[in-house]
Each structure stands twice: as structure tokens, then as C-alpha cells.
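Okay, here's what each chain looks like letter by letter:
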There are 2 protein chains.
Amino acid sequence: MKKRISIKTIAQEVGISNATVSLVLNDKDKEGRVSREMAEKIRKVAKDLNYEPNHLARGLRMGKSQTIGLIVADISNPFFANLAFHIQEYAEKFGYSVIITNTNESDAKLVKILDVLIGHQVDGLIIVPTEHGKPAIEELVKKDFPLVLLDRWYPELQTCYVVIDNYQASKTAVQHLINKKCKRIALFGYTIDLPHMQERKRGYVDTVKKAGLFDENLIKDINYISIDADIKTALDDLFFNEKNEKPDGIFFATNSIALHGLRYMFERGVKVSKDVKAICFDKSDAFDLMESPVPCVLQPIPEMGKLAVDVLINQIVKGTVIPSKVELFAKLSTEE
Amino acid sequence: MKKRISIKTIAQEVGISNATVSLVLNDKDKEGRVSREMAEKIRKVAKDLNYEPNHLARGLRMGKSQTIGLIVADISNPFFANLAFHIQEYAEKFGYSVIITNTNESDAKLVKILDVLIGHQVDGLIIVPTEHGKPAIEELVKKDFPLVLLDRWYPELQTCYVVIDNYQASKTAVQHLINKKCKRIALFGYTIDLPHMQERKRGYVDTVKKAGLFDENLIKDINYISIDADIKTALDDLFFNEKNEKPDGIFFATNSIALHGLRYMFERGVKVSKDVKAICFDKSDAFDLMESPVPCVLQPIPEMGKLAVDVLINQIVKGTVIPSKVELFAKLSTEE
DNA sequence: CTGAAAGCGCTTACAG
DNA sequence: CTGAAAGCGCTTACAG
């Protein structure tokens, strides 16, 4: 492979010093620091030689890499993929590249990724944290490393967050089912011990209680690891256990749970909308094609991504961190 | 923000030279180059100080960054998101980080991204090329820059490719509809002038011709830019134009076209499976939840990703490029 | 207006 | 077994 050409090559070609070339190529030749003709000449040679600056060298020298690390739970999940898309598009506007990585909800992996990303000298991090990732992230926070947590948060950790009001979103969703005359509303949530999920559950509980519809047996906890089996067990118990009165509504607290749940119900002949109403978090392509569309909670994905980038870049540029929790609001797909 | 600690800090702490620290930390202290006690001591201090090597500096010095650039058309498309997921997981095993970027099918954007990524000193590129991206990529090929094109290819450009046999996949899909007694099979494809799409069309044409079912009016070209409008126009023409005999089968040459198409048909009350059979490229979550599932062509996504990484790393390590086109085979979802 | 020099953090021949 | 030195490509204060 041919050697990439450097500032030095250009300097030699023109017969001038590296310093001057650097000035010109960084557009710092205004304010009369370099003669007009010289600047022109340098630019021409740089162009002819197809010069591309070496970001590694620049990063090393400047102490910043113009790179942001993004850590999500799973890039193949459309919610995170969309988030990643908008983060990248927006970060690019400010001249930042984004390195996207996955934890697959593993705390060990989070720790490892953090090391790798920091080794790569990222200027900041946007992190969808894992259940027990707090210690690792706390260390970074102590060092004032620029970062913003996205989608999920640790209540006891003071740092920057961009999240949505899960409690309110959940209430709205459950209320929607109540308005549709549902009397026995089930909740399907993850066992994950993070407040975004607890808030969704709390929103459910408060709303059904207020309507006098609370029944503990209708709350089903799903483990991310054994999602398929857990959902089947839970649905079997709700719909095919003679002892139980069937639910007439289901609130799926995440999209992945909804997808698995709907699939199994479909398989078992439980008709959504007819036998039981459903509502869930986040939109899926699947919903548009169902016999009767499932309404869902729409998180403002582009705004979440942009805001995370804004908050992060602000930290990087200012060099200081003012802990803050930005809360956005979701709305129902039926409100559109 | 606290300064990151460097090899120098460790060296001073231990009272020793940078060189020795570097040797130890890179596990080059075997073969009796450094005394056992000294090595232990250095490792301990490095650990206590929480040392993280600076990849920028190492990359600059070694002339490689252990980073791979991945360019896809759209990370929010599940096909590419899955591909990205597997590429990243697999590349990580070899110690490579992956920078993921999107072209949104724009040639101009491809050129720009190429510059950015090369500026970041990526050691190699995995590229899903755009329609007219050939000149830009050709330049890299001429320089023997390590790269592999994925999913799509330029027939006149000798370089490394990992693709699937689109012709065969398409034939199988169309044959499936013929086996289901379809007599009027429509094709929905993109206008994009790249052979992967042409092959899909050719597979369709050859198969319907062989069965004596060819009718030019059943071929519909969709523009990526105006996908929504184009699909509506095409479907309206097929199903709601009194002059035309309706199709009884549709082959959607991509997943995005299928999704838009199925949605519109649903909206207009055209019943898939009952009124018209459908089949398409790539699986979508949506299919599991439809009244009658749409069969699809399953590309071997994990294998495609892994192979691309293998081929690329091989180039990087060997320092030479042997142009090759690896072709994988897709199968129908009904074959599972 | 332009140049010489230092230094970012690392690795690697070369000396001893 | 360990150290001194050079150099990767860049930017930036300092001199002139």
C-alpha cells in the first residue's frame, strides 16, 4: 500500500516549512499570517497530492480526537439503531465521528468497551447504561470525563442524562386501555432493576389502582435472557389457565417484549383487539401490517439523539460538567 | 478533566525508562528481556494508576489504528443493522474497533465519509457501495488500500467482494410463487443501477419467462427517493386500474419495498395470501404478525459479516490484496 | 510573513 | 537485563 502523504511532503514539494503548511491547511492563514500567493500554492499542491490530514497525529497533539463513543444495548434493535442513526447524523455536523458499540446488556462488556473507547481517546461518551454498570460509569464521572447517559439512569449518580418521562408515558398508555373499557389489564415488563423500567411499572400500577382495577396476578416479569420462555409461560398462565379470569388488555413495557408476546398470541390464536387489547412501548414495522394495529408509545428518538449530542459537545467544549437530567415526553401513536 | 496517565508516569513512579515499561505492558518481557520482579512491579503500578494505553499515539507510531471503517446505506434498516452488529462482534475478537457510518445511498456522502474514515487512519474498510460510488472506491483500490465491498458490487472493478447469489435467490423466490399456482407475478424492484438489483430482476424475468408467464406490465420500478409515492402509483395501477388484469403474486426485491407495499395494500384492503401471494427479500419482524406470514429470502447475515471481516483482516495483515468475489447462498424462509 | 524547535504518547532498533 | 534516542504527523508558541 502506498504511503499516505503528509504535511512534510507538501512542505518539501513547495520548499517551505511544515509550520506554514499546517497554518494554511487549517485556514489560519487569514489575519495576514501567510502571504496570499504562498497559501494558494500550498493549497494547490495539497490538493494535487491528494493530501488527507492524519487525525491520529492531530488528535495526539491536540489532546482530542473529534470522536464520540456511543454505547447501546443492541444495535440490531430498531430503537437503538434509530437512536444511533440520528446521533451520528447530528454529531457529524459538528465534525465528530461516532464509534458505535453494543453491550448486549452485559455489565462486563460495558466495562471492557469503556476501556477500548477511552483507549481510542474518544472525546466523550453517550451511554445507554446496563443494569449494574454504575460503578464503572461512576469512576468516569469522578474524573469529569465528558459523558451523557441516555434512555436509562441511575438515581443516585449525579451526571448528565437524556431520558423520557417513563412514568407519564406509561400512565397514558394504560389510561388508553382503560378508556377502551378494559377491566383486566396485564403488564409485561423486564425484571431489569433500573428506574426507567420501574417508572413504567409504577405508571401502570398507579393508573390501574386509581381505576380500581389492580390485580397483582396480572403483573408479569420477563427476564431479558429467557425472554421467549418467560413470555410463553406468562401468556399461558393468563390465557390458558382455567383458574384464571382472562385479561382484556395488555401493556407491553418494551417493544421486544411486545413483539415476542404478539407472536406467541398469534400462534396460539389469541386475537389482539378482539380478544384482548394491547399497547406497547416504541413503534415497530410489524404494527402497520397487523389485522388491527397495536397502538404504541412513541419516544421522540431524533430529539433524544440530538439532545444527547448537544449536551455532550457542550461538556467537551466547555471542559466542565454541569450534571443535569433532561426529560422529554413521549406520546401515543393514536394522538398523531 | 484529569489528565490521562501515560507510560512516562509509570516509568517515573517505578524509576525506570519508558522503553522497559512499554515492553512489559505489551507482554514483550518474555524471552528474558526484562527481569521478573521488575515486570511484576511495573504491571502493579500500571494497574494501580489505572493506566490505559493511548491508541492514538500507538497508532501513529505503528502506522495502524486497529480500527475498521464500516459504511452502510442506512443503519436504521434492520438488514444493515444486523450486518453491523455481527461485523462489530466479530471484528472485536481480533482487537479491531469498528466505526459505523451511513451514506443514505448518496454518492457525495460516500466520498465525504471515505475522507473522514481515512483521515481517522482506519486500517481497512467494509463498504456497502452506492450507485455511482465506483470512481471514489476505484481510487482506493489503485492504492491497494485494504477494503471489501459488501452486498453489492461493481462488475468492472477488480477488488474484494462478499455478496450473495442474487440471481439464484430471486429465481427460487419467484419459483415459490409459481409453485403456489400464481400466473401473474409482479416484480417490485429499485431503479438502482447496480448488479445485485439487476440480478434479482434477471432472476425474476428468466423464471417467469421459462414458465410462460412473462408480462412487461407487471414489472414496477421504484425510486429509493420517492419510494412511498412510487409504490402507491404502481399498486394502484396493478390493482385499481380497470384496464388491467390483476396480479396474483408479487415479488418484492427488497424488504423496504415490501414493507411499504404491504402497508399500502393493507390500507387499500388488498388481502395478501387471499387476493395475492407475496414473497420478498429479507425478513422483517412484521411478517410474524401478519394474518398470513409472507415468506422471504433469508440472506446469511452473520456469515456475510464474518466473511467480510475475515477477508479484510487478511488483507491488512498480509499487506497484499488478492481480488476475489465470495458468493454466499440465500434460502427461503419456508425451507427452514 | 516564515522557520526552527518542542512535544503529544508511544514503540523499536541500537548500545551497553 | 535496562536505557537513551529517534521518529510517527501534527500544532503551536516563540524568534526573527
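In case you missed it, the structure is sitting above this.
Please read these numbers as outputs of a predicted model, since none were measured by experiment.

J.: Can you explain the overall build of chain A? Please cite residues and give values.
T.: Looking only at helices and strands, one finds twelve helices and twelve strands in chain A. Computed over its C-alpha atoms, the radius of gyration of chain A comes to 26 Å, more than 25% above the 20 Å expected for a compact globule of 336 residues. By its C-alpha atoms, chain A is 90 × 40 × 35 Å across when sized along the principal axes. Within the span of chain A, comprising 336 residues, buried residues form 52% of the whole. Taking all contacts inside chain A whose residues are at least 6 apart in sequence as the whole, residues at least 24 apart take part in 66%. Summed over its atoms, the accessible surface of chain A is roughly 15,600 Å², and 50% of this surface lies on carbon and sulfur atoms. Both charge centroids of chain A, one from 46 positive and one from 46 negative side chains, sit 4 Å from each other.

J.: Report on the interface of chain A and chain B, specifying residues and quantitative values.
T.: With 56 residues of chain A at the interface, the matching set in chain B holds 56 residues. Of the roughly 5,400 Å² buried at the junction of chain A and chain B (both faces included), carbon and sulfur atoms supply 56%. Counting across the interface, chain A meets chain B through six salt bridges. Across the salt bridge formed by R263 of chain A and D285 of chain B, the nearest N and O atoms sit 3.8 Å from each other. Along the contact surface separating chain A from chain B lie 14 residue pairs in polar contact (both at pLDDT 80 or more).

J.: Describe the sheet that holds strand β9 (residues 277-281) of chain A, naming the residues involved and giving the relevant values.
T.: The strands making up a sheet associate through backbone hydrogen bonding, with each pair oriented either parallel or antiparallel. All names here are of chain A. Read from one edge of the open sheet, six strands run β7-β6-β8-β9-β10-β12, paired in mixed fashion. On the outer flanks of this sheet lie β7 (219-222) and β12 (331-332), each paired with one strand and no other. Of the pairings in the sheet, the one linking strand β6 (residues 185-190) to β7 comprises four bridges and is parallel in character. Bridge pairing in β7 places G189 opposite D221. Running at roughly 145° to strand β8 (residues 249-252), helix α11 (residues 255-267) makes contact with β6, β7, β8 and β9 of the sheet.

J.: How would you summarise the sheet that holds strand β4 (residues 147-150) of chain B if you had to cite specific residues and measurements?
T.: All names here are of chain B. Pairing is parallel in the open sheet, where six strands are placed in the order β2-β1-β3-β4-β5-β11. Only two strands of the sheet have a single partner each, and these edge strands are β2 (97-102) and β11 (324-328). Across the sheet, the mean angle separating the axes of adjacent strands is 15° when strand polarity is ignored. Where strand β5 (residues 160-164) and β11 come together, five bridges link them in parallel fashion. The residue bridging C160 from the neighbouring strand is S324, located in β11.

J.: Tell me what's going on with the relation of the copies chain A and chain B, and back it up with residues and numbers.
T.: The operation relating chain A to chain B is a screw motion whose rotation component is 180°, with 0.0 Å of axial translation and a residual RMSD of 0.1 Å. Such a turn and shift between the copies fits a two-fold axis. Distance from the rotation axis, computed per C-alpha, reaches its smallest value in chain A at A286 of chain A: 1.6 Å. A shared binding surface is used by both copies, with 100% of the interface residues of chain A retained as interface residues in chain B.

Thresholds applied
- Residues numbered from 1 in each chain as written.
- Chains lettered and ligands numbered in written order.
- Predicted model: local features only at pLDDT ≥ 70, side-chain atom pairs only at ≥ 80, totals over all residues.
- Heavy atoms only, no water.
- Helix = DSSP H or I, 4+ residues; strand = E, 2+ residues; numbered from the N terminus.
- Rg over C-alpha atoms; globule rule 2.2 N^0.38 Å.
- Buried < 20%, exposed > 50% of the residue type's maximum accessible area, 1.4 Å probe, protein only.
- Contact = heavy atoms within 4.5 Å.
- Areas by Shrake-Rupley, 256 points an atom, 1.4 Å probe, with all protein chains shown as cover.
- Lys, Arg positive; Asp, Glu negative; His and termini not counted.
- Charge placed at Lys NZ, Arg CZ, Asp CG, Glu CD.
- Buried area = accessible area lost by both parts, 1.4 Å probe.
- Salt bridge = Lys/Arg side-chain N within 4 Å of Asp/Glu carboxyl O.
- Polar contact = N/O pair within 3.5 Å; in protein donor to acceptor, adjacent residues only side chain to side chain.
- Pairing = 2+ DSSP bridges.
- Axes fitted to C-alpha atoms, helices over the stretch in contact; angles between N-to-C directions.
- Least-squares fit on C-alpha atoms with pLDDT ≥ 70 in both.

These results come straight from atomic positions and should not be treated as a statement about function.
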